[in-house]
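# Summary of the model geometry
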Amino acid sequence: MERQAIVVGWGGSAQSYIMGRIKSFGYSINHAGNKDGIKHGGLSFKRASDGKAKSWRWEDLVTKKIIYIYSDPVLCIKSHFKREWARHQKSIMTGIAESFPEDYNEFQEYVVSNQRDPFMLQMHFDNWCDYAPNVIPLQIEDFFEHTEIIKEKLSITDSQINNIEIKARTAYKETEIAEYEEFYKPVYDKVRRKSLEKLYT
């Protein structure tokens, strides 16, 4: 029987690359181009190519491994801005359209001023991690930092792990406002801590 997985996450975290690797491990996965609305959608809905929000069926979830991909929120969001994709990505993830600044530096000021994350990263992660079955949360570095548990969870081999390559990011911290980084640090810390707890249970 073909192994099945759903790969979801924030985007901007090497998710498309990891999806390709997961597929090479022999898994049938969701569409890498998000045509099925799964890749960045929330647990409560998936937005299909026709723009309509569709509900999940529990039976569709329990038979699959759910691999949740994340990274440092600052780098993740910066990647969306570099690709001029930020507003659309926020809409895909949250189901809520919002006209925040399109300029990355102005967006940082917007977040600091409002003390609110428009991407709702914590909520997106928590909904999947707390309420979906069979969730394996990870960032790409975990393939090498927590190799044994990931091999066990995904039923893969050392040679398959060794085919994964961590490439230099196109988005990196450079001129971020200190208060902006401080705002997202607790989000990352909480997600990271919760992710590792989930990974080892």
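Our structure is the block above this text.
Thresholds applied
Residues numbered from 1 in each chain as written. Predicted model: local features only at pLDDT ≥ 70, side-chain atom pairs only at ≥ 80, totals over all residues. Heavy atoms only, no water. Pairing = 2+ DSSP bridges. Helix = DSSP H or I, 4+ residues; strand = E, 2+ residues; numbered from the N terminus. Polar contact = N/O pair within 3.5 Å; in protein donor to acceptor, adjacent residues only side chain to side chain. Contact = heavy atoms within 4.5 Å. Phe/Tyr/Trp six-rings, centres within 6.5 Å; stacked < 30°, edge-to-face > 60°. Buried < 20%, exposed > 50% of the residue type's maximum accessible area, 1.4 Å probe, protein only. Salt bridge = Lys/Arg side-chain N within 4 Å of Asp/Glu carboxyl O.

As a further point, take the sheet that holds strand β6 (residues 135-138). Read from one edge of the open sheet, four strands run β2-β1-β5-β6, paired in parallel fashion. Taken across any chain shown, the strands that pair with only one partner, and hence form the sheet edges, are β2 (27-28) and β6. Sheet topology note: the strand β5 (residues 65-69)/β6 ladder contains four bridges and is parallel. Looking at β6, one finds that I67 is bridged to I136.

This part is about the side chain of H40. Locating H40 in the fold gives a position in the loop between β2 and β3 (46-47). Among the polar contacts made by the side chain of H40, one reaches the main-chain carbonyl oxygen of G9 at a distance of 3.0 Å. Of the polar contacts made by the side chain of H40, one reaches the side chain of Q89; its length is 3.4 Å. Residues contacting H40, with those up to four places away along its chain left out, are G9, W10, G11, Q15, N34, Q89, I92, M93 and H124.

Another aspect to go through is the packing of aromatic side chains. In the structure shown here, the tally under the stated rule is 13 aromatic pairs. For the ring pair Y70 and F125, a centre distance of 6.0 Å and an interplane angle of 75° mean the geometry is edge-to-face. In this pair, Y70 sits in the loop between β5 and α3 (73-82) while F125 sits in helix α6 (residues 121-131), placing the two residues 55 residues apart along the sequence. Across the pair, F125 and Y70 agree in class, each one buried. Here the aromatic rings of F81 and F107 are separated by 4.8 Å at their centres, their planes lie at 45°, and the arrangement is tilted. In this pair, F81 sits in helix α3 while F107 sits in helix α5 (residues 104-114), placing the two residues 26 residues apart along the sequence. For the pair shown, F81 and F107 are each scored as buried. Each member of the aromatic cluster is reached from another via a ring pair, and the members are F81, F100, Y104, F107, F119, Y180, F183 and Y184.

With that settled, the discussion passes to the pattern of salt bridges. In the structure shown here, the tally under the stated rule is 14 salt bridges. Among the salt bridges present, the one from E98 reaches K90, with a minimum N-O distance of 3.3 Å. Taking the shortest distance from any N to any O, the salt bridge between K151 and E148 comes out at 3.3 Å. One end of the pair is K151 and the other is E148, both in helix α8 (residues 147-154) and three residues apart, which spans about a single turn. A relative accessible area of 14% places K151 in the buried class. Classification of E148 as exposed rests on a relative accessible area of 53%. Several salt bridges share partner residues, and in doing so they unite R57, E59 and D60 into one network.

Quick look at unusual backbone geometry now. Of note, M120 is a non-glycine position whose phi angle comes to about 55°, a positive value. Inspection of the secondary structure assignment puts M120 in the loop between α5 and α6.

Okay, the environment of Y68 next. With respect to the element layout, Y68 can be found in strand β5. With 61 residues separating them in the primary sequence, Y68 and V7 have C-alpha atoms 5.9 Å apart. Look past the residues within four positions of Y68 in its chain and what remains in contact with it is V8, G9, W10, H124, F125, W128, V135, I136, P137 and L138. There is a polar contact of 2.6 Å between the side chain of Y68 and the side chain of H124. There is a polar contact of 3.3 Å between the side chain of Y68 and the backbone nitrogen of F125.

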